[in-house]
Amino acid sequence: MSEQDTAGAPGSRRLSARLAAHPSVRAVLASRAAGAPAPRPPVIDADWLRALCLEAGADDAAAVSLDHPDLAGEREHVLAALPGTRSLVSLMVRMNRDNTRSPARSVANQEFHQTDEQVNAAARTVVRALEDAGHRALNPSAGFPQEMERFPGRIWVVAHKTVAVAAGLGVMGLHRNVIHPRFGNFVLLATVLVDAPVSAYGQPLDYSPCVDCRLCVAACPIGAIGKDGSFDALACTTHNYREFMSGFTDWAQTVADSTDAADFRARVTDPENASMWQSLAFKPSYKSGYCLAVCPAGEDVLGPYLDDRKAYLETVLRPLQEKRETLYVLPGSDAQRYAERRFPHKPTKEVSGGWRPPARRSPDSTDTR
C-alpha cells in the first residue's frame, strides 16, 4: 500500500494514502499546518481550578496529588481508570439539613438523590472544561451505580471520602462520614481525575470538626457505630442498604424460595414489596442515614446544638429514635441483639443479607412446611 508523508505536522507520522485522504484527517492536518494550537498548561492553576469547580455547582473543592501518602491504596485503581493521572480534585455539594433529618424516608432519600445528581453534574462539567483546556480527565460516579461485576468486593472506582480528607475538605467522623469544617457532614462528594499537576494542593485539616457528642451512636438503630470508635460495616450494609446490592438478592431469593403467592406474602409484607418496587422503579432507598442526620458538627450547623441541646435532642434525635420501622439484621448478630434491646418498638427481621447463596436443596426434597 502506498504511503503519504505527513512530516512537519505536530505529532505526525507516515499515513496510508487512504487515511490521509479522509476529510477529517485532511481537516486536522490543515489546521495544524495553519498554526500549532496553543499548548496545554503543564500545570493547572489552583485558583482557576477552584473557581471552575464552584461555578460548576460545587460548594467547596480542593486538589490533591496522586502521590499523597494517604492515597497509596488508591493509586493502582486510579491509574487503571485514567492512565497518567497526576492529581485528583475533590468536589463537595451541600445537602439541605432538614430534608436529610426527616423521619419520612421519601423526603430524606429525595435529598440524597438530588444532591447526588448535582455533584455528578458538577464533576462532569469540570471534566469538560479540563478536556477543553487540553487535559485528559475523568469523573467516576459519585454513588450508585458502581462496578457491580466486582461485587461484593471493591465496587467503587475511587474512594471519594479518602480523597476528600487528603485534600483537606474535612475529617472522617466516628460515623464514617466526612465532616466539613463549615458544612458539617451534610455533604456529598465526587472526584475528578486529571493528568496534570496542580499549582497548589489542599492541606489536611489540623483538627477534627467532630464535637464528640456521640449522637450518631445514639441514633443508629442497629448499633453499627461503637462508642469506642468501632464500626460494624456488615450491620450497616444489611439494614441501611437493604434495597441496594445484596438486599435485592435476598428479596429475590425469598421470591424463588416461596411455594406460592400466599407463602411469599406471608414472608414479605406489602409495605416491603412496595418499597422494593419503588427502589427499582425510581431509585434505591436508604433505610437509615440517621448518623448523618443527627450530627451537629460544622460551623454552619452547630449553633442550635450549642444554644439548646435538650431542644436539639427532642427535635432532631428523638423523632428518628421513636419512628416505628422494620430493622433488617443477620440472624444471631450483634445488630439483632442491640436493636431488640435498645429499640424494642422497632420490629427486627432476620434476613440472609444476600451475601451468600442459600444451601441448594436436593431434587427429590419435599417442602414440608
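Residues numbered from 1 in each chain as written. Predicted model: local features only at pLDDT ≥ 70, side-chain atom pairs only at ≥ 80, totals over all residues. Heavy atoms only, no water.

**Focus on empty space enclosed by the protein**
Selection criterion: Definitions used for this entry: grid spacing 1 Å over protein atoms alone; cavity, a set of points where a 1.4 Å probe fits but cannot get out; pocket, an open set with protein on both sides within 12 Å along at least 5 of 7 lines; lining residue, one with an atom within 4 Å of a point. Grid points are joined across faces, edges and corners, and a volume is the space filled by probe spheres set on the points. Charged means Asp, Glu, Lys or Arg here, nonpolar means Ala, Val, Leu, Ile, Met, Phe, Trp, Tyr, Cys or Pro, and polar covers whatever is left, Gly included.
This structure, assessed with the given rule, holds 1 cavity of 30 Å³ or more. By volume, the largest cavity amounts to about 50 Å³. Around the largest cavity sit Arg242, Glu243, Trp251, Glu272, Met276 and Tyr328, which together line it. Grouping the constituent residues of the lining of the largest cavity by class yields 3 nonpolar, no polar and 3 charged.

**Considerations on the environment of Met245**
Basically, it comes down to this: Comment: elements are numbered from the N terminus, with helices defined as DSSP H or I runs of at least four residues and strands as E runs of at least two. When checking whether two residues touch, look at their non-hydrogen atoms; a contact exists if any pair is within 4.5 Å.
Of note, Met245 is situated in helix 10 (residues 245-257). With 93 residues separating them in the primary sequence, Met245 and Pro152 have C-alpha atoms 8.5 Å apart. Contact partners of Met245, with chain neighbours within four places excluded, come to Phe144, Met148, Phe151, Ile155 and Thr237.

**Section: the sheet that holds strand 8 (residues 187-194)**
Rule in force here: Any two strands with at least two DSSP bridges between them are considered paired. A fitted line through C-alpha atoms represents every axis, and for helices the fit uses only the stretch in contact; the resulting angles, taken between N-to-C directions, go from 0 to 180 degrees.
Reading across the sheet, the 4 strands line up as 3-4-8-5 and stay open at both edges, with antiparallel pairing between neighbours. Strand pairing shows two members of the sheet lacking a second neighbour, strand 3 (60-65) and strand 5 (137-138), which therefore form its edges. One ladder, built from 2 bridges, connects strand 5 with strand 8; its direction is antiparallel. Bridged to Leu138 within strand 8 is Leu193. Along the sheet face, helix 3 (residues 46-56) touches strand 3 and strand 4 (87-94) and points at about 140° away from the line of strand 3.

**Some points on the pattern of salt bridges**
Going by this rule: We define a salt bridge as a contact between a side-chain nitrogen of Lys or Arg and a carboxyl oxygen of Asp or Glu at a distance within 4 Å. Partly exposed residues are those whose accessible area sits between 20% and 50% of the maximum for their type, while under 20% is buried and over 50% is exposed, using a 1.4 Å probe and protein chains only.
As enumerated under the stated definition, the model contains 18 salt bridges in all. Here Asp98 makes a salt bridge to Arg101, at a shortest N to O gap of 3.7 Å. Residue Asp98 and its partner Arg101 are both found in helix 5 (residues 97-101); the two are separated by 3 residues, about one turn of the helix. For Arg101, a relative accessible area of 14% puts it in the buried group. For Arg318, the salt bridge identified is with Glu314, shortest N-O distance 3.5 Å. Here Glu314 and Arg318 lie together in helix 15 (residues 309-322), a separation of 4 residues that amounts to about one turn. Put simply, Asp257, Asp263 and Arg267 are held in one network by salt bridges that share partners.

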